[in-house]
Amino acid sequence: MTSEGRPSRRTLSPWRNGFGRRGSLAAAFVVLSLAPNRAPALAWPDVVERVQRDLSASDAAIRRAAVRDLVKLGRVHGGPLALAALDDPDDEVRLSAAEATIRLRVARASDVVVTWLNAPDTRLRREACEVVRALPNPSTIAPLARTLGDPDAEVRAAAADALGHQDAAEAVPPLLGRLDDSTPVVRITIVEALAHLGDVRAVVPLIGKVEDSSVEVRNAVVRALGDLGDARASPALVLTLRDPNPEVRREALVALGRLRAVDSVDAIAPFAVDRSAPLRLAALETLGRLATPDALRILIGALGTADDAAALQHSTPVRDALVRAGQAAVAPLRALLAASAPPATASSAAWVLGALHAHSTAGVVVDALRRGSLPPAAALHALAGAGTAAEVPVVLEFLTDESPAVRSEAADAAVALLDPREPDGRAVEPLAAALRDRRPSNEERARFVQALGRTGAPRAARILADLAGARDVRLRLAAIDALGSLQSGEADDALLAALASPEADVRLHSAASLSEAGSARAREALLDLLRHGDEVDRASALTALGGVLSRFPTDAAVAQLAGEFELAAGPERDALIETIGRAPTGFAARAIARIARSEEPLDRRQAAVLCAAQASGPARRDALEVARELIHDPDSGVRAQAAWSLGVLGDVGDSGPLLRLTRSTDGDEGVNATAALGRIEARSVEARPRAAAADAPRPAPGLCALVTDVRPFVRANALAGLALEGARC
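First things first, this report covers the structure right here in the doc. (Residues numbered from 1 in each chain as written. Predicted model: local features only at pLDDT ≥ 70, side-chain atom pairs only at ≥ 80, totals over all residues. Heavy atoms only, no water.)

**Description of the overall build of the chain**
Phase 1: Per the secondary structure count, the chain includes 43 helices and 2 strands.
Phase 2: The 729 residues of the chain split such that 54% are buried.
Phase 3: In the chain, once contacts between residues fewer than 6 apart in sequence are set aside, the share between residues at least 24 apart is 65%.
Phase 4: Surface summary for the chain: the accessible area is close to 31800 Å², and the carbon and sulfur share equals 54%. (Helix = DSSP H or I, 4+ residues; strand = E, 2+ residues; numbered from the N terminus. Buried < 20%, exposed > 50% of the residue type's maximum accessible area, 1.4 Å probe, protein only. Contact = heavy atoms within 4.5 Å. Areas by Shrake-Rupley, 256 points an atom, 1.4 Å probe, with all protein chains shown as cover.)

Shown next as structure tokens:
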């Protein structure tokens with residue numbers, strides 16, 4: 001569903017809220033799977049008291065069992081208990097409590113466990129490092145530095161790892177002082193910690209370790225030098241290309257690319273034809289990153305050779321490397337095509353130009369095709385990316401080619417170059433002729449039908465209307481989808497007829513197309529169907545009507561739907577609310593306001609969702625007031641959906657109620673409220689005067705605190721909100 005509450009054939013994007021009558025999905029900026037340790041909905045007081053009592057029991061076994069329940073209590077209740085349990089006399093209880101403080105993000109735990117670094121039990125010393133790593137604290141740097149001399153290698157490695165996560169310049173010197181640790185694993189961890197800290201003081205000492213006796217350490221050093229991005233490492237990395245271990249050489253190639261070491265092209269060049277695939281791929285990728293004239297010359301020289309020669313219209317390492325080079329590759333590739341290169345080389349060059357969407361080279365591609373130096377399939381594939389409307393006639397010539405591969409590429413290019421927003425009647429007759437040809441398969445014909453819809457030409461409607469009754473289901477559905485691209489009365493008639501099909505797929509596709517392109521005449525026909533149709537698929541009809549009403553709203557249509565709503569139940573009731581809410585009129589907004597006062601919580605949830613659909617209409621202010629009322633609704637699901645709509649409609653004045661909602665024990669409320677805070681603040685930043693926007697942005701109230709929240713979706717939304725603001729905590 002879209003944020004306006006309508007079915008969409010597009011992919012859900014970040015921030016977008018899913019909803020339905022039987023539940024709601026919390027909004028998230030990023031796609032995350034539910035973590036097993038997600039915060040519970042509620043921690044009952046008697047449970048908290050029971051755990052607290054058990055943690056004071058004299059029996060260590062009871063305390064061990066109780067400490068394992070701390071995470072379930074959540075941060076508010078479980079955090080203080082976990083902190084107290086760190087002083088338990090039993091080591092097992094202390095270790096479990098330390099794990100709980102990490103998962104509950106109890107910042108003060110670092111101050112307590114730092115004393116464990118002198119404990120006789122190795123496990124306690126190691127666990128202390130884990131806690132400090134997860135919960136950074138500048139006061140722990142000195143104790144961790146001393147722990148780098150611990151007799152146990154695992155503890156030393158854990159201390160180094162913890163220092164690398166302190167994000168403090170003071171952590172660098174002690175790490176540099178232990179680069180010669182006797183254990184390779186510890187040296188590796190120290191190197192990785194230095195890379196994580198990103199301090200350039202580590203560059204020269206790390207250069208001195210590129211010849212370490214351990215292969216794994218050399219690998220880590222080379223990766224770290226690439227991470228640090230300091231050009232001083234370039235000569236050492238070039239020397240590392242002679243390392244006896246191929247993995248180290250591969251890492252050096254990658255690091256040189258990350259450093260943009262343009263003076264290393266000659267040293268990298270031999271690896272572009274190395275027999276080892278990993279080395280060859282790394283060299284090609286690095287040359288693409290460097291994109292100097294010499295690097296491009298090497299890459300272009302590799303086109304049409306080895307595994308690139310038989311790649312047809314697929315990606316290859318050398319092609320990908322040239323795409324990575326970007327616009328710097330366009331001029332030499334254009335020159336290559338103009339010079340009549342061998343077909344395999346020209347095909348690869350054209351593929352890259354298409355992938356780069358280098359529209360200025362479309363004429364060169366066509367010229368190479370006409371000369372015969374560029375195979376038709378390769379030329380058409382390139383034109384799909386690099387072509388313009390001017391190349392459409394060239395593409396149409398090949399729709400009935402003898403070769404299925406050429407026909408397929410021609411169909412794809414036609415679909416790519418035609419735009420229904422800019423009707424192009426030139427393509428209608430050639431596509432119609434291609435549909436009459438007996439050679440194309442039904443799959444190819446379906447692509448021709450798709451292209452016919454993308455012409456945007458009203459006269460294509462008659463052809464597509466006839467195909468909407470085709471026997472082949474792919475062809476029929478393709479025609480129905482294509483009709484959705486046309487603004488034509490004939491399209492309305494064909495789609496309304498398809499809406500009465502006995503096949504559910506056909507009804508669904510016709511409803512979606514009517515929603516996208518149905519006219520005011522279709523609106524009246526759909527309303528009449530709902531009013532008088534005995535066996536009409538009401539769900540499909542309402543889906544279609546919602547889209548039509550968003551473009552052609554009338555108060556009479558909304559009034560009819562509002563009257564039917566009073567007698568509807570279940571999914572149809574939801575669909576009616578959604579259809580009403582999509583009409584951008586004051587009458588519809590008032591109808592949503594009445595629904596928002598329903599005694600049925602599920603009605604109010606839908607009303608809360610549909611407030612956001614009025615964001616760009618004349619009733620935006622009315623919808624905002626409804627959302628502000630529903631944010632205080634007694635039902636948590638209603639509050640969650642109202643929070644979502646406030647993120648679309650609200651302003652900084654809504655931050656207070658939303659901030660309070662972020663502390664809710666209901667997962668959806670907290671997640672949606674966090675998302676709303678971020679969106680409101682992002683709009684506020686955009687609206688600031690340019691001079692004010694240049695100042696260091698202030699984080700939205702509460703977002704910084706939510707970055708460490710125990711709930712993963714809340715953390716994700718808080719981080720995304722800060723990113724949109726361009727703010728840091």
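The structure having been displayed, the exposition proceeds.
**Concerning the side chain of Glu 409**
Phase 1: Examined against the element boundaries, Glu 409 turns out to sit in helix H24 (residues 404-417).
Phase 2: The side chain of Glu 409 is buried and forms no salt bridge, while Arg 447, the nearest opposite charge, is found at 8.4 Å.
Phase 3: A distance of 3.2 Å separates polar atoms of two side chains, one belonging to Glu 409 and the other to His 381.
Phase 4: In this structure Glu 409 touches Gln 313, Ala 377, Leu 380 and His 381, once residues within four positions along its chain are discounted. (Lys, Arg positive; Asp, Glu negative; His and termini not counted. Salt bridge = Lys/Arg side-chain N within 4 Å of Asp/Glu carboxyl O. Polar contact = N/O pair within 3.5 Å; in protein donor to acceptor, adjacent residues only side chain to side chain.)

**Quick notes on the packing of helix H3 (residues 74-85) against helix H4 (residues 91-104)**
Phase 1: Contact pair H3 / H4: the axes reach a minimum separation of 9 Å and the direction vectors enclose 145°. Relative to H4, H3 is oriented so that their crossing is left-handed. Note on element contacts: H4 touches H3 through Val 93, Arg 94, Ala 97, Ala 100, Thr 101 and Leu 104, opposite Gly 74, Arg 75, Gly 78, Gly 79, Ala 82, Leu 83 and Ala 85.
Phase 2: Partitioned by chemical class, the residues of the contact of H3 with H4 number 7 nonpolar, 4 polar and 2 charged. (Axes fitted to C-alpha atoms, helices over the stretch in contact; angles between N-to-C directions. Left-handed = near helix turned anticlockwise from the far one by under 90°. Nonpolar A, V, L, I, M, F, W, Y, C, P; charged D, E, K, R; others polar.)

**Examining the packing of aromatic side chains**
Phase 1: Taken as a whole, this structure holds 0 aromatic pairs when the rule is applied.
Phase 2: For the cation-ring pair, Arg 573 lies above Phe 565, with the distance from its terminal atom to the ring centre recorded as 4.1 Å.
Phase 3: Directly above the ring of Trp 644 sits Arg 679, whose terminal nitrogen or CZ lies 5.2 Å from the centroid. (Phe/Tyr/Trp six-rings, centres within 6.5 Å; stacked < 30°, edge-to-face > 60°. Lys NZ or Arg CZ within 6 Å of the ring centre and 35° of its normal.)

**Here's the deal with the environment of Arg 421**
Phase 1: Assignment of secondary structure puts Arg 421 in the loop between H24 and helix H25 (428-436).
Phase 2: Taking C-alpha positions, Arg 421 is 57 Å from Leu 206, a pair spaced 215 residues apart along the chain.
Phase 3: Separated by 2.9 Å, the side chains of Arg 421 and Asp 419 make a polar contact.

**With respect to the side chain of Gln 166**
Phase 1: Relative to the helices and strands, Gln 166 resides in the loop between helix H8 (153-164) and helix H9 (172-176).
Phase 2: Polar side-chain contacts of Gln 166 include one of 2.9 Å to the backbone nitrogen of Asn 137.
Phase 3: Setting aside chain neighbours within four positions, we find Gln 166 in contact with Val 132, Arg 133, Pro 136, Asn 137, Pro 138, Thr 140, Ile 141 and Leu 144.

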